[in-house]
Amino acid sequence: WYSHPATTSERSYSGSDDGDWQNKCLPIGNGYMGAMLAGEICHEKIQFNEKTLWTGGPSKLRPDYNGGNFEGRAEKLKEVQALLLAKQIDEATEMAREHLVGDYNGYGAYQNFGWVTVSHEFEGGEFSEEKLSDYVRELDLNTATAATSFSYDGVGYMREYFMSYPHNVMAVKYSSTDKNKITLFVEGVSAHELAESSVRNDVIVLKGALTDNQLRYEAQIKIISIGGTISAKSAGVAVSGADEVVILMSAATDFKNEYPAYRSGIDTSITVSKNIKNAVDAGFEKLLRNHISDYQKIFSRVSFNVCQEVSGDATDVLLSKYKNSASLAELEVLLFHYGRYLTIASSRNGSLPSNLQGVWNETNNPPWGCDYHLNINLQMNYWPVYVTNMAECATPLIDYVESLRIPGRVTAKEYMGIISDEANPENGFTAHTQNTPFGWTCPGWSFEWGWSPAAVPWLLQNVWDFYRFSMDKTVLREKIYPMMKEQCKFWQQYLLLDKNNSMYYSAPAYSPEHGPITLGNTYEHTLVKQLLMDSIVAADILGVDDADRAQWERLAACIETVSIGEEGQIKEWFDEITIRSMPQSELKHRHLSHLLGLFPGDSISIQTPELLKAAVVSLNDRGDISTGWGIVHRINMWARVQDGERTHALIRQLISTGIHENLFDTHPPFQIDGNFGYTSGVAEMLFQSNLGYIHILPSLPKVWEKGSVSGLVARGNFEIGMTWDNCMVNSVTVLSNVGGDCVLKFKNISKLPKVCYNGLEVPTNVIDGETISFQTVAGCVYEVR
């Protein structure tokens, strides 16, 4: 909460780091739509988005749109690979830069939809700051509602805001302590020059089609007056002397994530009118109840608290104190919950996945197109989803990856010569660094950042985790495994055999986003091998594809992944000798691509002490200073190293240098991945479940010496709660959602824990001095003391 408003302007975002929109405004969202609230008093501008409003893709301007693919590049790929095998690196690099790229035309960008502007007229003539008092602007993470309240000339005013997922509307209510005090003028302002604006009685309509791709869009803003008078004007709707005013807004486009047209054929007016009518019929109070009920079914599953008394300070004051070295676990906990809030607000079933800024964007030319970046950003967006008990928020990502398969087969054909046809219809798909909702799976227009076929195996780790956390075999069989299998087929055909050593290589390989082009590298090989091993496990669980499993096992055995260099480091490139002995490798680079086996993978861990020691060397070499998401990746990795003090030092650095007043993460500029990755990192500090057991408090810093958490989810679908004091576990609760063997590991156990169900002791198997296991029954809660 804040004791002052932010400010807004109807402008294109410049990409600078000093605008109130990204620094101070408060976000609300429902997965489909998002809005940013400044809490202005006299002239309020509510900026809003609808997640499918994008330029790019199929268009009358691009009748031959092909997802950015250039045709017939497979032969050039073979030439590049031959040059790499012959160790003619310079020639291979030159050819890759020229030929293994994609188009730019038709890429497009996520768009601002517009603003709902509200001019509030107060009695007594011109507004006077002297009559204003008790101003508060707040966002309640427990209810996903925002509010602005203040007193003016002895009258209390309240504005309430929320974005409903069940009804797909934004609802705003203006009220006051005295009757007949609400006098407003409401307008709708489009961010697009050719939009049509009209007023129909008490409804403002913004509609049109984007010039670039003819995507049709519409927003309707309904104004409801309780008391007073209401009248339509040419530019908007006027309300005078009302007791309360409710504003309802809904927006939609005719986009549909279906190759190749990407259009639904549905009149947007029908969709939006239906949403508004249903919301009007429900009424504000029912809308609010339904919204809170829907939201809290997800958000309230997790509670978390450490060593703190709530100060009562405004959030910007807390942040200022924190940056001045105060120890404020209160802010660290708030930021954890904020990441969960932002996930629910930007990724719900039926919506597109969260993009570089979630669902919030105020410009039509945003940095990086506000797109889907697959070389860490989209993956990081979904790191906290399963562990913090929001699995249903991952369905947009799973659906999105599925939507990449058909256009991804086009890219596989044109660039790799891997053809899917009637005889073999799912023979392999691929995608690269940056993506849009229009099947853009080709390489980027610059090889160095744009070529990354290993992006899909990395993304599939998130998808595979849906099963590992839920244990839902139906989803695994029908949705997840088919993607994994087809991706394995792709790599079976794409990997290059070096007959000199009988090993397979991803070629050409590039480690995001520095260094040379090489014959394989640690980044790509780690991800490909993880894909193969995960797919072997998935096939075994389903009892299918024995022959494929055997081939994947043989292939995985012939892929070099992680090795240690002369300075004790994890080598990023196989020819690396000492740190930065490779051309174009950068000092303190933000990416940690060669360490993905540590996090989010599990091939580097406390179970591989030599590799873990080498990973620490590499982490120290890279350093702690980075961009927002770069710091957050380091937080997750140091948590896996199980160094709680170093992890917490990075948390302090992130909040002190990479968090805005409204707690948005900054790259800079604002990118939401850091918010999500932070929440994941905190969860990794509290427990880890990637090694076949649940490790309780593996990375707890001394500053969090006392605390509690409940509702976190471990792989195997065990819901975990715990309390601790003096950095030692007091109690653990385990809700077994699907049954099965539960394995728990406690650091520094002083005596054997006792496991009870309904007060009765459960037989326990002692594995070693820190690890126990016990059988569970689905639906039962076990207490470990």
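For clarity, every value in this text was computed on a predicted model and none was experimentally measured.

> Lay out helix α4 (residues 268–282) with the relevant residues and their values.
Compared with the 21 Å implied by 1.5 Å per residue over 15 residues, the 21 Å span of α4 between its first and last C-alpha is a close match. Inspection of α4 places Thr268, Ser269, Val272, Asn275, Ile276, Ala279 and Ala282 among the buried residues, and these make up the whole buried set. Packing partners of the buried residues in α4 comprise β8 (169–176), β12 (216–226), β15 (244–253) and α5 (284–299). Of the residues flanking the start of α4, the one acting as N-cap is Asp267, its side-chain oxygen 2.9 Å from the backbone nitrogen of Ser269. In the segment just after α4, Gly283 is the residue with positive phi, at about 85°.

> Which residues make up the packing of aromatic side chains, and what are the values?
In total, this model carries 46 aromatic pairs according to the counting rule given. Their ring planes at 90° and their centres at 5.9 Å tell us that Tyr262 and Phe438 sit as a pair that is edge-to-face. With Tyr262 in the loop between β15 and α4 and Phe438 in the loop between β18 (434–435) and α12 (447–450), this pair connects stretches of sequence that are 176 residues apart. By the burial criterion, Tyr262 is buried, and Phe438 matches it.

> Explain the pattern of salt bridges to me, and be specific about the residues and the numbers.
Applying the stated criterion across every chain, the model contains 38 salt bridges. Residue Glu285 pairs with Lys173 through a salt bridge whose shortest N-O separation is 3.2 Å. A residue pair is termed long-range when its members are at least 10 positions apart, and Glu285 in helix α5 and Lys173 in strand β8 qualify at 112 residues. For Asp465, the salt bridge is made with Arg715, and the minimal N-O distance between the two is 3.9 Å. Here Asp465, found in helix α13 (residues 455–470), pairs with Arg715, found in the loop between β25 (707–714) and β26 (718–725); they are 250 residues apart in sequence, far enough to count as distant. When salt bridges with common partners are traced through the structure, they connect Glu402, Arg405, Arg409, Glu426 and Glu486 into a single cluster.

> Requested: an account of the nonpolar core, with residues and values cited.
Counting residues in each nonpolar core, the largest one holds 224 residues, and the members touching the most others are Ile28, Phe304, Tyr341, Tyr678, Ile696, Ile720 and Leu744. The contact partners of Ile28, leaving out residues within four places of it in the chain, are Met33, Gly34, Ala35, Leu37, Leu139, Ala146, Tyr161, Phe162, Met163, Met170, Tyr341 and Trp360. Residues Val169, Ala171, Ala282 and Phe284 belong to the second largest nonpolar core, which totals 13 residues.

> I'd love a proper account of the sheet that holds strand β2 (residues 33–37), names of residues and values included.
Pairing is antiparallel in the open sheet, where seven strands are placed in the order β1-β2-β3-β4-β9-β14-β13. Strands with a single pairing partner mark the edges of an open sheet, and in this sheet they are β1 (26–29) and β13 (229–232). This sheet shows a mean twist of 20° between the axes of neighbouring strands, independent of strand direction. Sheet analysis places β2 next to strand β3 (residues 43–50), joined by four bridges and oriented antiparallel. When the sheet's bridge partners are listed, Gly34 is paired in β3 with Asn49.

> Outline a negative patch on the surface, supporting the account with residue identities and numerical values.
Taken together, the side chains of Asp90, Glu91, Glu94 and Glu98 define an acidic patch exposed on the protein surface. Inspection of the secondary structure puts Asp90 in helix α3 (residues 89–99).

> Outline the side chain of Arg634, listing residues and values.
Tracing the sequence through the fold places Arg634 in helix α18 (residues 628–641). Within the buried set, Arg634 has no salt-bridge partner at all; the shortest N-O distance to an opposite charge, 5.3 Å, is to Asp624. At 2.9 Å, the side chain of Arg634 forms a polar contact with the backbone oxygen of Gly630.

> An account of the packing of α18 against helix α20 (residues 673–686) is requested, with residue identities and associated values reported.
In a pair of packed helices, the angle between the axes and the distance between the axes together describe the arrangement. For the pair α18 and α20, interaxial distance at closest approach is 8 Å and the crossing angle is 10°. Comparing their axes, α20 and α18 come out roughly parallel. Considering the relative orientation of α18 and α20, their crossing is left-handed. Touching Trp629, Val632, Ile635, Asn636, Ala639 and Arg640 of α18 are Asp673, Gly674, Gly677, Tyr678, Ser680, Gly681, Glu684 and Met685, all from α20. For the contact of α18 with α20, the residue count by class is six nonpolar, five polar and three charged.

The rules we used
Residues numbered from 1 in each chain as written. Predicted model: local features only at pLDDT ≥ 70, side-chain atom pairs only at ≥ 80, totals over all residues. Heavy atoms only, no water. Helix = DSSP H or I, 4+ residues; strand = E, 2+ residues; numbered from the N terminus. Expected span 1.5 Å × (residues − 1). Buried < 20%, exposed > 50% of the residue type's maximum accessible area, 1.4 Å probe, protein only. Contact = heavy atoms within 4.5 Å. Polar contact = N/O pair within 3.5 Å; in protein donor to acceptor, adjacent residues only side chain to side chain. Phe/Tyr/Trp six-rings, centres within 6.5 Å; stacked < 30°, edge-to-face > 60°. Salt bridge = Lys/Arg side-chain N within 4 Å of Asp/Glu carboxyl O. Core = buried A, V, L, I, M, F, W, Y, C linked by side-chain atoms within 4.5 Å. Pairing = 2+ DSSP bridges. Axes fitted to C-alpha atoms, helices over the stretch in contact; angles between N-to-C directions. Patch = residues over 30% accessible without salt bridge, like charges linked within 9 Å, V, L, I, M, F, W, Y side chains within 5 Å. Areas by Shrake-Rupley, 256 points an atom, 1.4 Å probe, with all protein chains shown as cover. Lys, Arg positive; Asp, Glu negative; His and termini not counted. Charge placed at Lys NZ, Arg CZ, Asp CG, Glu CD. Parallel < 35°, antiparallel > 145°, perpendicular 65-115°, else oblique. Left-handed = near helix turned anticlockwise from the far one by under 90°. Nonpolar A, V, L, I, M, F, W, Y, C, P; charged D, E, K, R; others polar.

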